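In case you want the letters, here they are:
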Amino acid sequence: MRVRQRAVTWSLGLTTVLAVAGTLSAGIGPVSIPPATVVKILLNAVSLPAGIEVAPLSVAGTLQVPVPTLQWQSAVAYPVDNTAETIIMRVRLPRIVLAATVGFALAAAGTVMQGFFRNPMADPSIIGVSSGAAVGAVAAIVAPAAIPFGLGLRGAAFLGAVITAFVVYLIATDGGRTPVATLLLAGVAIQAFLGAVIAALQLYSGEGLRAVVRWLMGHLGNAGWGDVTITLLIVPVLFGILLAYARDLNVLLLGEEAAAGLGVEVERTKRLLLAVSAVLTAAAVAVSGVIGFVGLIVPHMLRLVVGPDHRVLLPAAALGGASFLVITDTIARAGATEIPVGIVTAALGAPFFLYLLRSREVHAL
């Protein structure tokens, strides 16, 4: 089967899994809603253009200017309970869509990092992006007045992640070259330093300690359509860039010298992959907190199934990550007391990864 056909087949299959997982997740909670009702509510939300209406707009108090406005109409109108519709559309659906988007971003970034470092043990946080985001978020909680430009918690987390990635890159780059081993060591050192900074901030967090711990564990409890809109504007564009470089990432697996001999601009490609993956991770972590193992386990699992060709693996892993986080977040909120989703991903991911370590050779792609 051709590469494009394999990529489309896997993408369609995993998109179906994501749709089923999202539909079932929307019905689970303190108020149980049947899947059939969930589907009707979602179909009712689909609107189609119904025509153009021209309405006068007042300009300068007296001048009336006709302004055309596109009118929308629901494609269907199934009778559903108003309470169930409110629960789905305002509470659960934003959280499910955000979980899918964050999981998509983390798994895509993890796939690139594993290919970049030629090691399936790598994950999106390997260059300190998650730690940088954590410092920004904790600082915003502990001392919000110190955050410039009124960025808020999510803005501070995003800025901290991007700055950290840039600093790691600068430390690891010498003479226009960025050795992968140096980049890895610089990331480990920066993570250790930022861990100390986070610990120091926690000591002075006072009443904000609970919020700090909750954010560090990763959660999606405050998801809203605003967060969904922002992430959906960023994540697909960055993923498209990574997908465009999937072939170059395949060639880099052969080694930098071999890649250069095959026409790949190695340093430029490495800089672009690193920058895009860092921003993709930053966008995800900024709205969800630190959620581990999604970018580590999912790409590794999908690689075992679809193979190492990133033209197939990258979209498959991203969609698999979306489904994985939707399912784990559903587990996190399904009990009597909601727990941070990062706890669930770690509880499920760590044992499975240990099993892989014992049963397979994970040191080589």
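Note that the structure is a prediction, hence the values are computed from the model and not measured. (Residues numbered from 1 in each chain as written. Predicted model: local features only at pLDDT ≥ 70, side-chain atom pairs only at ≥ 80, totals over all residues. Heavy atoms only, no water.)

**Overview of the overall build of the protein chain**
Which entries qualify depends on this criterion: Helix and strand assignments follow DSSP, with helices taken as H or I runs no shorter than four residues and strands as E runs no shorter than two, numbered in order from the N terminus. We take the radius of gyration over the C-alpha atoms and set the globule estimate at 2.2 Å times the residue count to the 0.38 power. The cut-offs for exposure are 20% and 50% of the maximum accessible area for each residue type, with area from a 1.4 Å probe on protein chains only; residues under the lower value are buried, those over the upper are exposed, and the others partly exposed. Under the convention used here, a 1.4 Å probe and the Shrake-Rupley method define accessible areas, while residue burial counts only the protein chains that appear.
Helix and strand content of the protein chain: 14 helices and 2 strands. For 365 residues, the compact-globule estimate of 2.2 N^0.38 gives 21 Å, and the protein chain sits close to it at 22 Å. Referenced to the eigenvectors of the C-alpha coordinate spread, the extents of the protein chain come out at roughly 65 × 60 × 55 Å. Across the 365 residues that make up the protein chain, the buried fraction comes to 46%. Summed over its atoms, the accessible surface of the protein chain is roughly 17800 Å², and 66% of this surface lies on carbon and sulfur atoms.

**Focus on the side chain of T330**
What counts here: Contact definition: two residues touch when any of their heavy atoms are within 4.5 Å.
Topologically, T330 is positioned in helix α13 (residues 310–334). Among all residues touching T330, those that are not within four sequence positions of it are S25 and I28.

**Concerning the packing of aromatic side chains**
Note the following rule: For Phe, Tyr and Trp, rings pair up if their centres lie within 6.5 Å, where Trp contributes its six-membered ring, and each pair is then called stacked (planes under 30 degrees apart), edge-to-face (over 60) or tilted (otherwise).
In total, this model carries 2 aromatic pairs according to the counting rule given. A centroid spacing of 4.8 Å and a plane angle of 65° characterise the contact between F104 and F239, whose relative ring orientation is edge-to-face. Remark: F239 occurs in helix α8 (residues 225–244) and F104 occurs in helix α3 (residues 82–116); sequence separation between them is 135 residues. On the basis of relative accessibility, which here comes to 10%, the residue F239 falls in the buried class. An angle of 70° between the planes, with centres 5.2 Å apart, marks the rings of F116 and F117 as edge-to-face. Of the two residues examined, F116 and F117, each falls in the buried class.

**What about a nonpolar patch on the surface?**
Here is the rule we go by: Like-charged residues within 9 Å of one another, or nonpolar side chains (Val, Leu, Ile, Met, Phe, Trp, Tyr) within 5 Å, are grouped into patches, provided each residue has over 30% relative accessible area and no salt bridge. Salt bridges are identified by distance alone: a Lys or Arg side-chain nitrogen within 4 Å of an Asp or Glu carboxyl oxygen.
Where nonpolar side chains cluster on the molecular surface, the patch consists of F149, L151, L159, I163, V167 and I171 and spans about 580 Å² of accessible area. Checked against the element boundaries, F149 lands in the loop between α4 (129–142) and α5 (152–172). Note on F149: relative accessible area 80%, which makes it exposed.

**What to know about the nonpolar core**
Spelled out, the test is: Here, nonpolar core means buried Ala, Val, Leu, Ile, Met, Phe, Trp, Tyr and Cys residues that are tied together by side-chain atoms lying within 4.5 Å of each other.
With 93 residues, the main nonpolar core has M113, F117, I127, L183, L273, L280 and L302 as its most contacted residues. With 17 residues, the top contributor of residues to this core is α3. Not counting residues up to four positions away in its chain, the partners in contact with L302 are L14, G307, L313, A316 and A317.

**What about the pattern of salt bridges?**
By the definition in use, this model includes 9 salt bridges. For E338, the salt bridge goes to R214, with nearest N and O atoms at 3.8 Å. Of this pair, E338 sits in the loop between α13 and α14 (341–359) while R214 sits in helix α7 (residues 209–217), placing them 124 residues apart in sequence. Of the charged contacts, one joins K270 and E267 as a salt bridge, the two residues approaching to 3.4 Å between their closest N and O atoms. Linking K270 with E267, this pair stays in helix α11 (residues 266–288), spanning 3 residues, or about one helical turn. The burial state of K270 is the same as that of E267; both residues are buried. Overlapping salt bridges, with partners in common, bring together R95, R214, D329 and E338 in one network.

**Quick look at unusual backbone geometry**
Residues other than glycine seldom take positive phi values, yet R118 does so here, at roughly 55°. Considering the arrangement of structural elements, one finds R118 in the loop between α3 and α4. Judged by its relative accessible area of 39%, R118 falls in the partly exposed class. Of note in the backbone geometry, F293 takes a positive phi value of approximately 75° without being a glycine. Summarising the element assignment, F293 is placed in the loop between α11 and α12 (294–306).

**Things to note about α11**
So the rule is basically this: To estimate how far a helix should reach, multiply one less than its number of residues by 1.5 Å.
Over its 23 residues, α11 extends 33 Å from the first C-alpha to the last, a length consistent with the 33 Å expected when each residue adds 1.5 Å. Among the 23 residues of α11, 18 are classified as buried, and the element is accordingly described as predominantly covered. Directly after α11, the chain includes G289, whose backbone phi takes a positive value near 80°.

**A look at the packing of α8 against α11**
Which entries qualify depends on this criterion: Every angle, taken between N-to-C directions, lies between 0 and 180 degrees, and every axis is a line fitted to C-alpha atoms, over only the stretch in contact when it is a helix. Any angle that is under 35 degrees is reported as roughly parallel, and any over 145 degrees as roughly antiparallel; angles of 65 to 115 degrees are reported as roughly perpendicular and all others as oblique. In this scheme the crossing of two helices becomes right-handed for a clockwise turn of the near helix relative to the far one and left-handed for an anticlockwise turn of less than a right angle.
Relative orientation of the contacting elements α8 and α11 amounts to 160°, with a least axis distance of 10 Å. One element, α8, and the other, α11, form an angle in the roughly antiparallel class. Where α8 crosses over α11, the two elements pack in a sense that is left-handed. Residues D227, T231, I234, V235, L238, I241 and L242 of α8 form the contact with α11, whose participating residues are L272, L273, V276, S277, V279, L280, A283 and V287.

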